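Chain residues, written in single-letter form:
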Amino acid sequence: MSGPRTDQRRPSPPPATDTASDVVRWAAFSCTLVPVVLLWYGSSLAGATGAALGLAAVTAVCRILLRQSERGAARLLAEERAPHRGRHHRTGTGAHRGGRHSGATTPVD
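A brief look at the structure comes next.

About the cut-offs
Residues numbered from 1 in each chain as written. Predicted model: local features only at pLDDT ≥ 70, side-chain atom pairs only at ≥ 80, totals over all residues. Heavy atoms only, no water. Helix = DSSP H or I, 4+ residues; strand = E, 2+ residues; numbered from the N terminus. Buried < 20%, exposed > 50% of the residue type's maximum accessible area, 1.4 Å probe, protein only. Polar contact = N/O pair within 3.5 Å; in protein donor to acceptor, adjacent residues only side chain to side chain. Salt bridge = Lys/Arg side-chain N within 4 Å of Asp/Glu carboxyl O. Axes fitted to C-alpha atoms, helices over the stretch in contact; angles between N-to-C directions. Parallel < 35°, antiparallel > 145°, perpendicular 65-115°, else oblique. Contact = heavy atoms within 4.5 Å. Nonpolar A, V, L, I, M, F, W, Y, C, P; charged D, E, K, R; others polar. Expected span 1.5 Å × (residues − 1). Arc of directions from axis to C-beta.

Here's the deal with the side chain of S21
Its place among the elements puts S21 in helix α1 (residues 19-40). For S21, a relative accessible area of 17% puts it in the buried group. Within polar-contact distance, the side chain of S21 engages the side chain of R67 at 3.2 Å.

Below, the structure written as structure tokens:
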């Protein structure tokens, strides 16, 4: 008789992290940290508020661009995995359509 069976399965990989959410989370953290540090070191309240609003605007734009990029990458990946059907990706403007083609010097009856 053989010894006890050991489980030969590989451990499951960790779940994929959402990198855009991580970036936005760190950006939101900096949007709150920077004004606090500015106030701590003696900057005016208006200056700290302006910095916070500027960082929030940049964070919002970056978030939009990251999400758009992720959607584009997902769409590209889906197109690569999808099988090509029919006559897609044909070159030319229809010069090779079916039927008989007569030459320029050949008389047609």
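Remarks on the pattern of salt bridges
Throughout the structure, instances matching the rule amount to two salt bridges. In this structure, the salt-bridge partner of R25 is D22, at a minimum N-O distance of 3.0 Å. Taken together, the residues span about one helical turn, with R25 and D22 both in helix α1 at a distance of three residues. Residue D22 is classed as partly exposed on the basis of its relative accessible area of 30%.

As for the packing of α1 against helix α2 (residues 45-81)
It is the contact of α1 with α2, at a shortest axis distance of 9 Å, that shows an interaxial angle of 175°. Compared by their axis directions, α1 and α2 come out roughly antiparallel. Of the residues in α2, those in contact with T19, A20, S21, V23, V24, A27, S30, C31, V34, P35, L38 and L39 of α1 are L45, A48, A51, A52, L55, A56, T59, R63, L66, R67 and E70. A class-by-class count of the residues in the contact of α1 with α2 yields 16 nonpolar, four polar and three charged.

As for α1
Between its first and last C-alpha atoms α1 spans 31 Å; for 22 residues at 1.5 Å apiece the expected length is 32 Å, and the two agree. Among the residues of α1, those classed as buried are A20, S21, V24, A27, C31 and P35. Angular distribution of buried residues about the axis of α1 spans 125°; they occupy a single face of the element. Among the exposed residues of α1, those pointing more than 90 degrees away from its buried face are R25, W26, V36 and W40.

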